[in-house]
Amino acid sequence: MGGKRTDYITWDEYFMAVARLAALRSKDPNSQVGSCIVSQDNKILSMGYNGLPKGCSDDEFPWEREGAPLDTKYFYVTHSELNAILNYRGGSLEGAKLYVSLFPCNECAKAIIQSGIKEIIYGDDKYADTEGVIASKRMLDAAGVRYRKYWPSGRKIQLDI
């Protein structure tokens, strides 16, 4: 009789892969961000990706990064973290973990704190020097929300769908 498999993926690999898979649903031509909210006992509670609110056509709103404010995506796109929080229908997120492919902005940090999420595992922090992320970290620290970088193992996961 053989033993169990030993090459299975870790919880961090699993949930970050789910967040990155969710990001592939984004229509944003520049930034595809995904999130996965997980309970304390490692059950997926909700997922989200960056996109327009329900009922707003992806073809009728702008996706540009530069130009007049009303002609860019920034007033219209809902971030993946907020979408994941709003998509949850099960009650409280108190004590949950959030896996997200990009470090949350200050607006998402507010929603994370208010929802009761206690830990963030993030993939990239490419905007670390921006005022929005600096403010985000300041609020997360003050509220006792832990955050840590996800360090990829280098393992390749391939799905044929």
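This text goes with the structure placed above it.
Cut-offs applied
- Residues numbered from 1 in each chain as written.
- Predicted model: local features only at pLDDT ≥ 70, side-chain atom pairs only at ≥ 80, totals over all residues.
- Heavy atoms only, no water.
- Axes fitted to C-alpha atoms, helices over the stretch in contact; angles between N-to-C directions.
- Helix = DSSP H or I, 4+ residues; strand = E, 2+ residues; numbered from the N terminus.
- Parallel < 35°, antiparallel > 145°, perpendicular 65-115°, else oblique.
- Left-handed = near helix turned anticlockwise from the far one by under 90°.
- Contact = heavy atoms within 4.5 Å.
- Nonpolar A, V, L, I, M, F, W, Y, C, P; charged D, E, K, R; others polar.
- Salt bridge = Lys/Arg side-chain N within 4 Å of Asp/Glu carboxyl O.
- Buried < 20%, exposed > 50% of the residue type's maximum accessible area, 1.4 Å probe, protein only.

1. Comments concerning the packing of helix H2 (residues 80-87) against helix H3 (residues 106-115)
Running from amino to carboxyl end, H2 crosses H3 at an angle of 30 degrees, the nearest separation of the two axes being 9 Å. Our classification of the angle between H2 and H3 gives roughly parallel. Seen along the crossing, H2 lies across H3 with a hand that is left-handed. On the side of H2, the interface is formed by Glu 81, Leu 82 and Ile 85, while H3 contributes Cys 108, Ala 111, Ile 112 and Ser 115. Of the residues belonging to the contact of H2 with H3, the class tally is five nonpolar, one polar and one charged.

2. A few points about the pattern of salt bridges
Note that side chains of opposite charge can pair when their charged atoms are close. A full pass over the atoms with the stated rule returns 10 salt bridges. A salt bridge links Lys 110 to Glu 107; the shortest N-O distance between them is 3.0 Å. Of this pair, Lys 110 and Glu 107 are both found in helix H3, three residues apart, which corresponds to roughly one turn of the helix. Residue class for Lys 110 comes out partly exposed when judged on its relative accessible area of 36%. Take Glu 107: its relative accessible area is 48%, and that puts it in the partly exposed class. A salt bridge links Glu 119 to Arg 148, with the shortest nitrogen-to-oxygen separation between them at 2.8 Å. Taken together, the residues span a long stretch of sequence, with Glu 119 in strand S4 (residues 119-124) and Arg 148 in strand S5 (residues 146-149) at a distance of 29 residues. Judged by relative accessible area, which is 31%, Arg 148 ranks as partly exposed. The network of salt bridges with shared partners includes Asp 12, Glu 119, Arg 146 and Arg 148.

All we've got here are geometric facts, nothing functional implied.
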